[in-house]
Structure formats: structure tokens, C-alpha cells
Protein chains: 4
Amino acid sequence: MQDIVSLRRDFHKIAETGWLEIQTTIKVIGHLLDLGFEVKYGKEVHTERIGVPKQAVYDAYLNTISLPQVSFDISEIIQGYTGCVGVFDTGKPGPTVAIRSDIDAVGLRESDSINHLANIEGFRSTNDFAMHACGHDGHMAITLKTCQRIVDEKDKLKGKYVVVFQPAEEGVRGGLSMSKLDIIGEVDYLLGGHIGMGMETGTIGVGTDNFLGTKKFDISLKGRAAHAGMAPDQGRSAILGAAALTLGLHSLSQYRATSRINVGQISGGTGRNVVAPNAELLLEIRADDNEILEDLDSRVRIMSKSTAQAYELEEEIVLAGAAEMFSTRHPEFVKETTDYLRAKGYKVFEKPSLNASEDISFYLNRVEKNAGRVMHFLFGSNLKAAHHNESFDFDESILPIAVNLYMDMIYKFNNH
Amino acid sequence: MQDIVSLRRDFHKIAETGWLEIQTTIKVIGHLLDLGFEVKYGKEVHTERIGVPKQAVYDAYLNTISLPQVSFDISEIIQGYTGCVGVFDTGKPGPTVAIRSDIDAVGLRESDSINHLANIEGFRSTNDFAMHACGHDGHMAITLKTCQRIVDEKDKLKGKYVVVFQPAEEGVRGGLSMSKLDIIGEVDYLLGGHIGMGMETGTIGVGTDNFLGTKKFDISLKGRAAHAGMAPDQGRSAILGAAALTLGLHSLSQYRATSRINVGQISGGTGRNVVAPNAELLLEIRADDNEILEDLDSRVRIMSKSTAQAYELEEEIVLAGAAEMFSTRHPEFVKETTDYLRAKGYKVFEKPSLNASEDISFYLNRVEKNAGRVMHFLFGSNLKAAHHNESFDFDESILPIAVNLYMDMIYKFNNH
Amino acid sequence: MQDIVSLRRDFHKIAETGWLEIQTTIKVIGHLLDLGFEVKYGKEVHTERIGVPKQAVYDAYLNTISLPQVSFDISEIIQGYTGCVGVFDTGKPGPTVAIRSDIDAVGLRESDSINHLANIEGFRSTNDFAMHACGHDGHMAITLKTCQRIVDEKDKLKGKYVVVFQPAEEGVRGGLSMSKLDIIGEVDYLLGGHIGMGMETGTIGVGTDNFLGTKKFDISLKGRAAHAGMAPDQGRSAILGAAALTLGLHSLSQYRATSRINVGQISGGTGRNVVAPNAELLLEIRADDNEILEDLDSRVRIMSKSTAQAYELEEEIVLAGAAEMFSTRHPEFVKETTDYLRAKGYKVFEKPSLNASEDISFYLNRVEKNAGRVMHFLFGSNLKAAHHNESFDFDESILPIAVNLYMDMIYKFNNH
Amino acid sequence: MQDIVSLRRDFHKIAETGWLEIQTTIKVIGHLLDLGFEVKYGKEVHTERIGVPKQAVYDAYLNTISLPQVSFDISEIIQGYTGCVGVFDTGKPGPTVAIRSDIDAVGLRESDSINHLANIEGFRSTNDFAMHACGHDGHMAITLKTCQRIVDEKDKLKGKYVVVFQPAEEGVRGGLSMSKLDIIGEVDYLLGGHIGMGMETGTIGVGTDNFLGTKKFDISLKGRAAHAGMAPDQGRSAILGAAALTLGLHSLSQYRATSRINVGQISGGTGRNVVAPNAELLLEIRADDNEILEDLDSRVRIMSKSTAQAYELEEEIVLAGAAEMFSTRHPEFVKETTDYLRAKGYKVFEKPSLNASEDISFYLNRVEKNAGRVMHFLFGSNLKAAHHNESFDFDESILPIAVNLYMDMIYKFNNH
């Protein structure tokens, strides 16, 4: 396989947003097959996809790219069943260790500044609608290089190695679907990590904590159009319903712990002199307690459905994203790991707070509930610009460090 | 029987508000029986009472009065089945003519000014909570005196004479119940009238038009109390629901014809630091079209029920008053009557507009739909103060004029 | 000049929407100059333009067309000062007679059906964004042909002839600006008309009545963006303000006469996890009474400004369209004209109701208030499809009839 | 002085609610004067009274009681300037130690059950509107008995002793006013405590923590009455404004830390057919951060004022109660005190959480900001029924324990 920097840049060039990671998935599968991993992909690696784009988006995108000739069936991938799971079994009894990497890019046009490294070195995104501005290209490179090390060092290892390449982490859309796979139920140890996040190159955040739970909803309301001047009583205004719903939803946020609600986007109507036949709301809820999140979810649905009825509208509410709250049940394992890594010479920072949502939380909770152990790292890396900025770039020297870190964890699990 | 002024003043003294006209009903029945009318009263003269006070109000009122000893059973009357229907049959084939009088007073404490006639002449209301400030005492005197004339002149008359003494016209609560009696279905001609209404003494408004339709609703919402600081998520605020409902209801008023909605009273909550477990709204709708009124009624109920659900509240909506829109289907009959009365020497004003609600509208519409003819008069009378004012008083010289008018109409119907 | 059908089709081909009638205005001016009219145009024919597109729209449009070489200065026209006023003075003392024609098209892509006459005969709109789907192309042809007749028959005529070619009647945006010109203040008689409107070819509606008053508003709200999860208190949600404003506005519609309010379009927000920094509402009010319209205008502005303050938002409200209520003060003149035209052999319908808004109302009211007389006609014409439909087409045989009608009116005014 | 139980029962008999503690204040002053304290009272012990009843309440109450003949001027006390401050100076240099006691009762009718101790022993409240159902009678007894001990043991003490008898703790109304007195600025050590609070008799909570900040507001809106059917546009509905305001206020609660808002009571309107001319809202806000509390206060005022303007209403917002958040700046002092008291044999519980609001917080914060030390205790006492219940009663055996505790603290401060 290419060296890790070249690998990362290859992914950077074909940046694709959530559920559209078609070229990306094909490339990952190719590498895994080359390494001798057993690979599953397409419909068999998904249970409940949310926040999937409309078919027209696929049609348009597929028109702009030429797909590589490969030896495996990509028909489900091009329908949006992106991502894959690779498995390598040493054949020796031992733990099942999983690594989860996200694979999608951000919906941004990459900077065309001549000072931007991707332009200097020629690895700028070829897709105007997408840019790896959050480091997921690096995550894939780290994970694939770790796969290579596992294969290379298989004689020293026991147990089974599972790598999950998950689509659509942006908007927390892909984790729900893949975290429910049977294979995640078998995992003893799960690893994951994120590049950047405000830490300088080389510092490793160990046992990231305080992942916020969140759900994203799309609500659409359908009313009845009528001439606002001549037949106002014949209409049922979806805008009026959306207004009442917005105020109602924002009255729900008071809980014993932190909870949030935000109607962040609204649109509706076809003309100023027409009683509006349609309106759409995009919203999210958050909580630092999964029970509160579920309770708020339920109240949002009641408020939405019944407010629509009050204004005689049809209503549809769609889950468009989700992540769970996560805070480890095993702080002693974080402590022990911190000590182990410090002893190995890493510059470590114990239990950093994420204070944001990431859908790796579904895997983290599932494995811990199954009596497994999990470890999420922050891979400190000096950034050229903030995450999700068109000039984002990270210091690639973190890549081999992260691979070593993963391998050191794997050896730790082997000796447990 | 006493003279008409003394009769009116007797009723004035025992002023009683809607559904509490206990002494009033007993007195009317006594007069009718004395005149030889057949009288029905109690439960048999009601079909669907609305806006009835709570039992505690009856208990309290009955404690303050001493009931007269009479020869008929008053047990249902004191339960709030007030009002009565008198029938006098000449025994000769002929039309059925009905007169409807309202009998209730206004919820006002009568003026204690020494300039107020009732104080000078000693016929002030003995009930602090009620005053005949709308002239219904006069209506009863006119109707009873007309009954006496009918009996006195029975040899010149044919057909059957029905007098309806209806409770609870204020708040339009009693008309719905009595207008549905079978006997109203047999009426060929219906007469009614109102004293005052801005016309000077002696002027007769003929064929009052433009009665507005209205419905009155009481909505009560029940939520769940909780400590607003410590457990806000355990509460369901009925005040929040009432607020959303108020705004929702006021968005419903745009129709092709005139329609109105008004939430006129609100109350709710038990303490500022408690999520409010209760809220009550008193509202009314109006329309100058009965179809719009029914449509608005239906939308109010949907809005109320579903908004309550949105805020997870229990809801109850009670019809507390109702009147129909009425505009005669027989303008030619109004014209003909105007000419007839002018020829008789009355100072007449044709087809005045009421622009308000009166529950005689139920009878007017029912009789006209049955191919009958109806005539509502305004009995012009100089007023000392506006209707519903504590110093209201009318010029009693209109009373005998109104009796003559009714008798002239009766002779007209006899000769038809 | 070409024949009237060819003239109408020429305008049809260069259909342009409101304030973008650049080619149209140049063509009208050319014809008027050719006929010997004195022509004013550009900034001098405007006082207060409303609902004008943004500069970017002009830049884009001008890129797509090639402007004709003409002998007059078009620099202000291409900035959006469209429309013009032509004046022909006979030199003889007499009345000032004005005709008002609208010139803009509807924002529609014209049908490409092979059955659509414009496709068969080759006069389909060359602009995809605009189509003469309301007959204004016909109005221009009628008015220009009438100009030709005036010039041709000038020896038989006295007084002064003013023709107003007004832009942006769709959305009632252009009338306010041109109706305030000084020259309208001098008009003794004003004529106008509209093709189609549900009357069959040849029927002439005389003295159109019941023009509804309306105002169109664009409200924009600016809040403060913040991360909805991490710093909700730092944000000020423009969507919340827009929701409260929508409900507040819809509570304002109850008046003694017909009045309407409709928030017909809404949009806002930048992402579901961001407190929305912006929101926009498009709304309209209507009333059949100019005083109510002004009162409602004032209450809308108070509601908008103060609701924005309540949610700590910046607010801007822009008048984007306006028309007055009009009902003639001279029904006897309508009657007299109807008789005159009937005698001339026209198939007339007296005083049809428009029940819609048209900004010719500003001119109609101004001239009547100045003691002038006005006459608005409906030019009955069988339609292929409804007004504002992509397949709209009218029966061109009405065009010469309308010219004759205008000339007959002019002769009537000459003989007055 | 009487024994402590008898003293407590004397106060229980004359229970008076906030700002009406007239008999109570007179009795406290009498005891303090008897003990040789210098006493200040009336207007000189108040700076900013909030939540004071209307004059009519004073008039009515004064009619029902007979005031005792005393040697001091009670004219300001009967105007509602209740409470007092007693000072005892040993004349020896030393610390200034303050004790704060609240004096008001709860607005409840005391149980008349024969099982209720106050009925058995004959010390039931003589005021039907008030009952010491929160133990403030005990607080006064403890504080006065401590005063007696201070005087008795003055030879062993140095410094100055200040006792603050504060009215209107219920509804957090009196603390703001008295905590701003100059003398509080001189305090080195401040003591306070509360009986009951869920701890069993004899257990002492040391260094109560987590007092929530709160503000109580009364908002009144004035609109314009109008007949809802005939002149809806002439009215300005205060109920509509109150509804919009309620929803607006409830949208304000999302902050980085815990914050709360609750509209707990609403009322408005004069009749269902009248556009409501008035509405009143009672609300509270809370926060566990004083900065958030102030920010929310400011946003509530903006929302209230501007929403009123949007609906063209007059608005008045009155602060009706307030308490600060308090969490000690000196946890080491709490620890040290806990150890000291445990060593003295008390059964102690360190740093209990109040999780509620108490206006002693104003004094606690002021003294700590002035570099003083403060100590709030919970005096565990088995209860017969919950606080604020009509059958509330506490175990009086806690009273002498609390006096000893205060004295042990005073000796600690003397030896510091």
C-alpha cells in the first residue's frame, strides 16, 4: 500500500458528502480486499439509514463522475448503501477488537487559495460540493494503515479484527445504522478517534468524554392553498401551523438536566397572496442524558402531530440524524490506559470533554453495555483553519503516530 | 289582574338572572292559571339547557329567598328548569299564534340613587345580584296582559294561542332549549319584541332584521402540576396551552362574510412557582351566516382539542350560549305588516337592523322554515340609561301600546 | 404602424416582468415618437417605485438581450425606470383625456405545446422567465392604435390626450409611482380596461367596480447566530420572532368591513444546529375600505417592529406593492355611459365587480377626487386558459372593438 | 423570659403573613427591649420592600385585631414596615456576629383536626388567613433565646451581636430590603438556619449549599375594551398580548447553566363578548448563576415591554420577590465547622443542598463578599406533615439544641 500521507491525499481528492461516499467506499473496499480482509458492504451493512439524500441527488452526482472498473458488485453502493465492514481473523482464540472510522466529507467548496496546501500539492477535492474539512480522510488513512500492520504482524496477534468504515457522520446520520449490526454485538474492545479538536500535534486525548445526545428532525406540513383575498376560509395555512409549532417546540426545553431544542430552518408558502399549502421545519434536540433525550423526542412528536391537527394540516416528521449521550462507565479503564500510554512515551491528556455530538456514541454505549471496553482518542494536530472551514488542513505528521497508538492499544488488548 | 305598570314593577322587584328565575316563573304560572291557560313547565318545557349555573349557586340563592305557597309542584323549577309555556285554545279552527317573552334579568346591582324611579316608587330589585336592566320585566307584563285580552276577547278569536316565557336570554342560553319544543313546530305565526333599543317612545320597529348568529364556549384545560424550579419536565402547563390556543383561535376569523372570534376571559394557575395544572377560556364566535357559524364552530373544536393534545392537556369544551343568524325570508310580509300598522295609526319604522344576537332567532327561523310567518318588533321607549346600565329605566307608557299592537296582529292573523 | 394583431404579437414576443420592461418601453416610446406624441420617460415619470428587483437581476437580464439602436437616451430605462407617458395636444381648448395601459408580463415560462397559438404563429415569448399571460400585450396594442386614431382624427378633436404606459401592474407595484405624476392631476377623463376577466368576446363591462385595496409587505428580521447546543443564550432566533409575528399578524384581521391578512411566504435560518440569524416574511393585507387598509397598515408595522424588539431582532419592513380600494363616486356616469354605448350597438354589462386588486385604482381615485370622471372597462374575450396560466391566450378579435370603444368615449368627452 | 416552647407557641398563635407581621414584630421588639438590646424598626430597617400587599389588606386586617399597648411607637409598623434589628454590644473589641431569623407565616388556614397538637394544647393560629406552617415561629424562639444567652453570658463574650428579624421570607420578599442595611455591611460572621427540611430530629445540616437564585414578577397589561361583535377593531385585547407574551417568555429558558421560567398564573378579561381590556401574569425565573439570573431578568423585561407594544397595550412589570443564588466561597470553613461541631457531639451532615430559594442568600453573599464568613444550618426535626401543609408541626425538642448550636458557634467566633 502507498504511504499514509499519499493514502490520505487520495481520499481528500474524492471527497464525498454523507451517503454519497461512492468512490470513497469503492477505494476502501479495494484496499481491504488487497490486504486480505473479508469485506461486507451494501445493504448488508445497514439497518436503518437516516438523513439519506433524495434520488435526484444520486442521479445528478453519478452523472458527474466516472466509476472505476472493479471486481466486486457496486450496484448497492451507488444506491447510497455506502461504507463497509472489514474483518480479519487471526484464527487464534482472543478478543474481538473493532476500529471505527468515519468516511464522509463536509458540504463545502474547498478553498482555491494558492496558499492552501491541497492546491500546492495537487490534492484538492475534485467535487465542488464536498471537502474533507473535518479530517475524515486522515481517519481512513490511519485505519487502513492499522489494517496493514495487523496483517503484517498477525503472527504476534490473536483474536479477530473488525474495521467499520461508516458513512454520514456529519449530521450524525450513519452511526445509528451501522452500530446495530450483529458484529458490533460481538466486540470486546472498540477504538475510535478524531483528528484536531483543538489539541496541538502529538498530544493524545485519552478517553474522550461528554458526548452529547442529539436527534435531528425534518417536519413537513401540508395545508390547503386558497386565494388569501377571496377565499381565506377555504385555505389551511401551513405557515400558521409552522409558527405555532415553532413556539410550542421552544416551550419544551426545561428539564432537570441540560436539554436543548432549536428550530434552525424554516420555509413555506408559494406566494404572498396564497394561503400557504406547505411548510418545512428543520430542528434538533440535545440532552446530556439519554432518558431526557427520549422523553423530549416523544414530546416533540406529540407537539408536531397535534399542532398540525389543530391547524388541519397533514404532518410528517422524519428522523434525520441521531447520536447518543456517552460518558464512560469505566473511568478506571481510562485512567489505566492513560498511565499505559504515558509510560509508552505519548504526550497524553486524560478524559477530554467533547461537548458535542458524534455518532460513534452508539457503538461506545453498545459495547460498554455488553461488558466490553471502549476508548475514543483525540489525535492532536495543528490546524491551518477551524474544522468545517474551507481552508481547513491538519498536520499530517499525526497520522503515523495515530497508527502506532492503535497498535499499542491492540497489543494491550492481546495481553489482557 | 293588576294594571300593566304594577305588573311590570312586581316582576322588577324579583329580578333573577338566567336559569335562576324561580320566583319569576312561579308568578307567571300563577297568572296564566288564573286566566285559564293550560300551563306546562319544569323538565317538560326544556330539551337542551346550556349555560346553566352550578348547583352551589342554586343552594346559595334558595337560602336567601322564601318561596311562596302555591297549588302547583315547583320541585323542578327550583332545580333550574325555569320558564313555562301557556296555551289557550279557542276551540274554533284557526291559526296557532305564539308570543315569546324572555323573563331573566341582568347580573347587575341596581342603582341606589334617590333619583332612580325604582327607588322613588319602591320597586327596586330585592336581589343584589340581579336587575331588570334590559326590559324583560316589561316583556312579561305585555305578554300577560295580551293573554288577558285574548281570554277577554275569545269570542271574537279563533285558533290557538301559545305564550312562551323563556329563561336565560342574556348570554343567549335559553332559546335553544325551548325553541325545540314540539309545540313550536305547530306555530303558524310567531310574535316577539324588545323594549327600547334606541327608538323613542311610541315608535314601533317592524320586522327586526339582521340578528347575528353566535355561539359561546367555555373551554377548560387540565394539565399536571409540578414544581416549576425542581421538576419542570414533570409538569404540563395548562397556561401554555391556553396561550397557544388563544392565538390559534384568533387566526380563524377570516371568512367570505363577517365572522368574529373573541377569547374574552382567561384564568389559570395555582401559584407562580407551580406549572399550571388548569386554565379556562371563555369565548364567543359570531357570523352573519349560519353556515359560516357552523364551520367556525367546527374549527374552534378542532383547534381546542388538538392544541390541548399538543401540550398534553385534557380538554373540555362546553357550549354555553347560542343564537342563530336571522334575516326574514319574507320581506313582503314585513312590508305588508308595516302598511297595515301605519294604517292603524302606529308610528312605524320598517325593518330595523338589530346587529346583535338574540336567541328568539331559533324560533323565528324554525317557524319560517315551517312555512309560518314571524314578526319581531322593537317597542320604542325613551330610556333613562343604556341597556345593561344600573340606572336603566324605560318609559312605561309603551306597555299598553305594545299590548294593542300584539292584539292588532292577532286580529290580522285571524282574518288572513 | 403595423396592424393591431401584429403589434400585440410583437409585444408578446418580448414579454418582460415588472420593472424589467426595457425592450417593451423602448418599443412603445418608438411608436409614440413616430406618431408625433411628446414622450416623457425614465426618472421623470416616476415618484416612488416599490417592489423593484435587485441590481443583480438587471445585470443578469441585460446580459441576455441585445438592446436596439435608438435615437433616444435609454440609460435610465435600463436602470429600471421603465414605462412612459405620451402627450398629444390638439392645440384646441378642450378636456384632458388620459388612457392608462399596463405593460408588464407575468413571471411564467410560456407553454411549449404545439397547440398553443403563440407556437403555431411564432410569437412565443423569447424570455423564459416572462409571458404575457394576462393580456397586457393586448392593452398596449389597443392603446397605441387608439393613439394612431387620435392623430389621424385630430381635426375632429379638441383638448389634450395623455397615454400612460405603466410598468409592474402584476404585484400592484407600478401604479403608486406613476399615478402621483403632476400630469394625472390635470386629467378630466381617464380611461382604462382589462382584456378577458371571464366575459365572452365582444361583451363590454362598463364601469368596473369593487377594486379591493391591498398592500404587500416584505419583512426581514435579523437576529444573532449562535451554536444551538453550546451557547443558545448567545443567539437571538429570527425564526422564533417570525413565528410570533406570524401569529400576531393573523390576529389583526377583524374589522367592521372586509379585511384580510396573509403571511404567504416564510423562510429563515442557516442550519438546524444554529440559532437562526435571519428570517423573511412576505405578506399582504386587503380591505374594501381605504381607511381600514391604512389602519391595518399601521397595525402591521407596529406589530412587526415591536415583535422584533421583543425577540431582540433588527427589523426592516418594505412596501412591495399597493393598490387602493375603488368604487365609483359617480354611478350616474356609469349608467349614462352604459346607455350611450348600448345605443352605439355594443353588448354591454353594467358595473361588473372586479373583486380583486388593480393599481389603476390610484388613478381612478385621484381623477375622481379632482372632480374628473373615470371609466374602467372589461374587454370580454374568450380565453384558451385562465389568466396567469402558461397556456393563456385571448381572442384577438376584441382588439379593434376596444379601440373603437375608446374612440367612442373620446368623442363623447369632446361633445360634453 | 418564658421557656422556649412557650415562646414558640406564643408566636404560633399570632401567625401573620408577609408584611403583615404587626403583632409579631411588636412582640419581638418587646422581648429585645426587655433583654437590653438596642432595637431599630419601622422605616429605618427597610430599603426596598417588594411584594407588599395593598392598603386595603392592611385596613381589613387592622379591623380584626386589637393592638397591644406598648411603650414604643408602632405607627410605621402598622403601615407594613414590619421586622426589626436588635443590637447588643459587649463593649469589648471583637467580631460582629449576626443572626437572621424570618418571622412570617404561610397563607394557610390551620388544621382544625382534634389530633393537631396546636388544637390539643391550645396554640392554634388566631388568624384564619395565616399559619406558621414553615417553622418560622421556632426560628424566632431560637433567636430570642440565643439573645437571652448572649446577655446572660456577656462577661464571657466580646464584640457586637446583631439579630435581624426579617419579614416576608415566603415569596422571597423581605430579604432584599433588610440585607441592604448598613449594619449588614459590618458583619464578620452571619448565622441562620431552618427547621425541618427533611432531616430527623437532632441532625444538623452544616453549611447549606445550592440556594437557587430567583425573581418573581407581576406583569399587568392594559388594552382597550370594545364590543367583540360590533367593533373588534376598536379594541386592543390584553388577553391576546398575554398569550403571545406567555409563549415568548417560555422561549427564553435555554442557557449554559440551569435556568427556569414559569408563567404560573394568568387572568384577564371582563366578559366573553368584550375585547379584553386587562390581563395579569404572575411569573418567576430561576437560575443557579446570578449572572444568568440578571440576564434573564433583562430579557423578560424586554419581552414584556415590547410584546405589549406589539399588541398596543400598556404594560407594567413589578418585581414581587427575589433571592440570590448562593454557594459558599469558603468550603474549607464549612469543613472546619463540621469537624468542630462533630467534636462537640452534634450529629452533623456536611453541606446539604437546599435546591430551593431563600432570601437569606442576599445576606450570605453580602457578608462573604465583604470577607466575612457565614453558616446556614438545617435544624433536623421530625415533622407531622410537610412544610406548607395545614397539619405541619415540628418536634420542639430541636429548639434548645439549636440555641446551644448558635452559642457554640458564637464561642468559636470569639476564640478565632
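Just so it is clear, the model here is predicted, and its values are computed rather than measured. (Residues numbered from 1 in each chain as written. Chains lettered and ligands numbered in written order. Predicted model: local features only at pLDDT ≥ 70, side-chain atom pairs only at ≥ 80, totals over all residues. Heavy atoms only, no water.)

Notes on helix α11 (residues 398-414) of chain C
Then comes step 1: Given a rise of 1.5 Å per residue, 17 residues ought to cover 24 Å, and the 24 Å separating the end C-alpha atoms of α11 of chain C matches this to within 8%.
Then comes step 2: Summarising burial for α11 of chain C: 14 of the 17 residues are buried, a large majority. (Helix = DSSP H or I, 4+ residues; strand = E, 2+ residues; numbered from the N terminus. Expected span 1.5 Å × (residues − 1). Buried < 20%, exposed > 50% of the residue type's maximum accessible area, 1.4 Å probe, protein only.)

What to know about the packing of helix α7 (residues 238-250) of chain D against helix α8 (residues 290-310) of chain D
All names here are of chain D.
Then comes step 1: Contact geometry of α7 with α8 gives a least axis separation of 10 Å together with a crossing angle of 155°. Judged by the inter-axis angle, α7 sits roughly antiparallel to α8. Crossing of α7 against α8: the hand is right-handed. Facing α7, whose interface residues are G241, A244, L245, G248 and L249, α8 presents V300, M303, S304 and T307.
Then comes step 2: Looking at the contact of α7 with α8, its residues break down into five nonpolar, four polar and no charged. (Axes fitted to C-alpha atoms, helices over the stretch in contact; angles between N-to-C directions. Parallel < 35°, antiparallel > 145°, perpendicular 65-115°, else oblique. Left-handed = near helix turned anticlockwise from the far one by under 90°. Contact = heavy atoms within 4.5 Å. Nonpolar A, V, L, I, M, F, W, Y, C, P; charged D, E, K, R; others polar.)

Section: the interface of chain A and chain C
Then comes step 1: On the chain C side, the residues contacting the 38 residues of chain A number 38 residues.
Then comes step 2: Our count for the contact surface shared by chain A and chain C stands at two salt bridges.
Then comes step 3: Note that R272 of chain A is salt-bridged to D218 of chain C, the shortest N-O span being 2.8 Å.
Then comes step 4: Inspection of the region where chain A meets chain C yields 14 residue pairs in polar contact (both at pLDDT 80 or more).
Then comes step 5: For the side of chain A that touches chain C, the secondary-structure elements that each account for two or more residues are β8 (213-222), α7 (238-249), β9 (259-268) and β10 (278-287) of chain A.
Then comes step 6: With eight residues, β9 of chain A is the largest single contributor of residues to the side of chain A that touches chain C. (Salt bridge = Lys/Arg side-chain N within 4 Å of Asp/Glu carboxyl O. Polar contact = N/O pair within 3.5 Å; in protein donor to acceptor, adjacent residues only side chain to side chain.)

Structural notes on the pattern of salt bridges
Then comes step 1: Tallied over the entire structure, the rule returns 117 salt bridges over all chains.
Then comes step 2: Note that D102 of chain C is salt-bridged to R100 of chain C, the shortest N-O span being 3.6 Å.
Then comes step 3: The residue D112 of chain C makes a salt bridge to R109 of chain C at a minimum N-O spacing of 3.4 Å.
Then comes step 4: One salt-bridge network, in which partners are shared between bridges, spans R8, R9, E121, D137, D393 and E396 of chain A.

Here we look at the relation of the copies chain A and chain D
Then comes step 1: Taken as rigid bodies, chain A and chain D are interconverted by a rotation of 180° and an axial shift of 0.1 Å, the fit giving an RMSD of 0.1 Å. Expressed as a symmetry operation, the mapping of one chain copy onto the other fits a two-fold axis. Minimal C-alpha separation from the rotation axis in chain A is found for S251 of chain A, amounting to 2.8 Å.
Then comes step 2: Both copies contact each other with a shared surface, as 100% of the interface residues of chain A are interface residues in chain D too. (Least-squares fit on C-alpha atoms with pLDDT ≥ 70 in both.)

A few points about the sheet that holds strand β6 (residues 203-206) of chain B
All names here are of chain B.
Then comes step 1: The eight strands are arranged β1-β2-β4-β3-β5-β14-β6-β12 in an open sheet whose pairing can be described as mixed. Of all the strands in the sheet, the pair left with one neighbour each is β1 (38-41) and β12 (347-350). Averaged over all pairs of adjacent strands, the angle between strand axes in this sheet comes to 20°, irrespective of strand direction.
Then comes step 2: Note that strand β2 (residues 84-89) and strand β4 (residues 160-166) share six bridges and pair antiparallel. Along β4, the bridge assignment pairs V85 with V164. (Pairing = 2+ DSSP bridges.)

Considerations on the sheet that holds strand β14 (residues 373-379) of chain A
All names here are of chain A.
Then comes step 1: Pairing is mixed in the open sheet, where eight strands are placed in the order β1-β2-β4-β3-β5-β14-β6-β12. Edge strands, defined here as strands with exactly one partner in the open sheet, are β1 (38-41) and β12 (347-350). Each strand of the sheet is rotated relative to its neighbour by a mean of 20°, with strand direction disregarded.
Then comes step 2: Strands β3 (96-102), β4 (160-166), β5 (189-195) and β14 of the sheet are contacted by helix α10 (residues 361-369), whose axis makes an angle of about 150° with β14.

Focus: the confidence of the model for chain A
Then comes step 1: Looking at chain A, pLDDT values average 96 and 100% of them are 70 or higher.
Then comes step 2: For this predicted complex, the interface confidence comes out at an ipTM of 0.89, alongside a pTM of 0.92. (pLDDT = per-residue confidence, 0-100.)

Things to note about the interface of chain A and chain D
Then comes step 1: On the chain D side, the residues contacting the ten residues of chain A number ten residues.
Then comes step 2: Considering only the surface of chain A that becomes buried against chain D, L247, Q254 and R260 of chain A emerge as the three largest contributors, covering 57% of it.
Then comes step 3: Applying the counting rule to chain A against chain D returns zero salt bridges.
Then comes step 4: Scanning the region where chain A abuts chain D turns up five residue pairs in polar contact (both at pLDDT 80 or more).
Then comes step 5: Here the side of chain A that touches chain D takes three residues from β9 of chain A, the largest share from any one element. (Buried area = accessible area lost by both parts, 1.4 Å probe.)

Remarks on the nonpolar core
Then comes step 1: Counting residues in hydrophobic clusters, the biggest one holds 152 residues, and the most contacted among them are L249 of chain A, L249 of chain B, L249 of chain C together with L249 of chain D.
Then comes step 2: Counting residues in hydrophobic clusters, the runner-up holds 68 residues, among them A141, I142, I204 and V403 of chain A. (Core = buried A, V, L, I, M, F, W, Y, C linked by side-chain atoms within 4.5 Å.)

Observations concerning the packing of aromatic side chains
Geometrically, a pair of aromatic rings is defined through the distance of the ring centres and the angle of the planes.
Then comes step 1: Taken as a whole, this structure holds 36 aromatic pairs over all chains when the rule is applied.
Then comes step 2: Relative to F413 of chain A, the ring of Y189 of chain A lies with its centre 3.9 Å away and its plane at 5°, an arrangement referred to as stacked. Pair noted here: Y189 of chain A is in strand β5 and F413 of chain A is in helix α11 (residues 398-414), with a separation of 224 residues, a long-range link. Of the two residues examined, Y189 of chain A and F413 of chain A, each falls in the buried class.
Then comes step 3: Ring geometry for F379 of chain B versus Y406 of chain B: centroids 5.7 Å apart, planes at 75°, classification edge-to-face. Taken together, the residues span a long stretch of sequence, with F379 of chain B in strand β14 (residues 373-379) and Y406 of chain B in helix α11 (residues 398-415) at a distance of 27 residues. Of the two residues, F379 of chain B and Y406 of chain B, neither departs from the other in class, the shared state being buried.
Then comes step 4: Grouped by ring-pair contacts, the aromatic residues F377, F379 and Y406 of chain A constitute a single cluster.
Then comes step 5: Over the ring of Y81 of chain C we find R49 of chain C, and its NZ or CZ is 3.8 Å from the ring centre. (Phe/Tyr/Trp six-rings, centres within 6.5 Å; stacked < 30°, edge-to-face > 60°. Lys NZ or Arg CZ within 6 Å of the ring centre and 35° of its normal.)

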